[in-house]
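An overview of the molecular structure
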Amino acid sequence: MARFDPTRPDFSPYGFTCVRWTPTRMERCDRHNEIELNLLEQGRLVYLLGGRKQVVPAGRLAVFWAGVPHQVLGFEGLADYFVMTIPLAWFLQWRLPDHLTQAVLQGRMIVEPNRDRLASDRMRFESWREDYQSHSEDRRHICLLEVEARLRRLALMVVDDRRSARLRSAGVFDQRHSSRAEEMAAFIAQNYTQPLTAEMIGRHVGLHPNYAMSVFQRAFGTTLLKYVTQLRLSNAQRLLVTTDELVLTIALRSGFTSLSRFNEAFRKSFGCTPREYRRRHRIVAPAADRLDNP
């Protein structure tokens, strides 16, 4: 039975897997560049995903991009559960509906809204696990086709709350660019706490900066700058609610060059200051009051 290894390096890949997982309270967050699917037959899991608490209830498929910092904070009534990991590049190549793909890549956990799919999903996961363990390429190929179909069904059930002319005009993500876009996403996810420019990101994947920005925006529906900022804010959210570090320290650790830039970006995204967010959502016991700036 698989379980989280706290000594595993950040971004160490899992690749394609389908196993039963033993729940544990994770000592630290994990990040890996796969899409993760969870299915609980009973009980519930509580994640910290990108700085926000997320509950995975029993009987409802949950999907998220594990490149976003995630950490199991606790669980109830749960002995084990199904976990599947799918490389991000494969997920992108499926060209799933935009509203699902973009929601996942922007750090949201997508949970099946239908409460009556446990029996069918349990059968699917049992079959997928057998396919994975068979080491048969034909069976694994069939498994992936079925996973793609299941995610397409999920997309039909999930409300598209990002409908806009901009997204519709973006069209379907061109498969020719999927590997480059995935490489950029992975590079950003591994380096967002460091200074990053479009030139650096483009050079990493062998593209002119302007063309790299165009490919990325067409793939993910957001700009390189916004995506980098989003990952930095997600990391800062997690540190605010799980540590007693100074706000300035958190800002610098998350890749912001100044406290003022961090405060401005944070307030614009979340409608409050980092200090207010910490008061509302903190998980660790409060330490003595600190003289950090709001």
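Basis of the calculations
- Residues numbered from 1 in each chain as written.
- Predicted model: local features only at pLDDT ≥ 70, side-chain atom pairs only at ≥ 80, totals over all residues.
- Heavy atoms only, no water.
- Axes fitted to C-alpha atoms, helices over the stretch in contact; angles between N-to-C directions.
- Helix = DSSP H or I, 4+ residues; strand = E, 2+ residues; numbered from the N terminus.
- Parallel < 35°, antiparallel > 145°, perpendicular 65-115°, else oblique.
- Contact = heavy atoms within 4.5 Å.
- Buried < 20%, exposed > 50% of the residue type's maximum accessible area, 1.4 Å probe, protein only.
- Core = buried A, V, L, I, M, F, W, Y, C linked by side-chain atoms within 4.5 Å.
- Pairing = 2+ DSSP bridges.
- Left-handed = near helix turned anticlockwise from the far one by under 90°.
- Nonpolar A, V, L, I, M, F, W, Y, C, P; charged D, E, K, R; others polar.

1. What to know about the packing of helix α9 (residues 224–242) against helix α11 (residues 259–270)
- Two numbers describe how α9 lies on α11: the axes approach to 11 Å, and their chain directions differ by 90 degrees. By the angle between their directions, the pair α9 and α11 is classed as roughly perpendicular. On α11, the residues touching Thr229, Leu233, Ala236, Gln237 and Leu240 of α9 are Phe262, Ala265, Phe266, Ser269 and Phe270.

2. Some thoughts on unusual backbone geometry
- Even without glycine at this site, Arg95 takes up a positive phi of about 50 degrees.
- Considering the arrangement of structural elements, one finds Arg95 in the loop between α1 (88–93) and α2 (98–105).
- Classification of Arg95 by relative accessible area gives partly exposed; the value is 41%.
- Positive phi outside glycine occurs at His135, with the angle close to 60 degrees.
- Tracing the backbone shows His135 in the loop between α3 (118–134) and α4 (137–157).

3. Focus on the nonpolar core
- Judged by nonpolar contacts, the single largest core of 70 residues is most densely connected at Leu37, Trp65, Met84 and Ile188.
- In this structure, Trp65 is in contact with His32, Asn33, Glu34, Ile35, Leu88, Val104, Leu105, Ala185, Ala189 and Tyr227, ignoring residues within four places of it in sequence.
- If you look at the next biggest cluster of nonpolar residues, it comprises 16 residues, including Ala251, Leu259, Phe262 and Phe266.

4. With respect to the sheet that holds strand β4 (residues 52–57)
- Pairing within the open sheet is antiparallel, and its three strands lie in the order β4-β3-β6. The sheet is open, and its two edges are formed by β4 and β6 (70–76), each paired on a single side. Ignoring which end each strand starts from, the neighbouring axes of this sheet average 25 degrees apart.

5. Focus on the packing of α9 against helix α12 (residues 274–281)
- Contact pair α9 / α12: the axes reach a minimum separation of 8 Å and the direction vectors enclose 55 degrees. The pairing of α9 with α12 is recorded here as oblique in orientation. Remark: the crossing between α9 and α12 carries right-handed chirality. Together, Gln237, Leu239, Leu240 and Val241 of α9 and Pro274, Tyr277, Arg278 and His281 of α12 make up the contact between the two elements.
- A per-class count over the contact of α9 with α12 returns five nonpolar, two polar and one charged.

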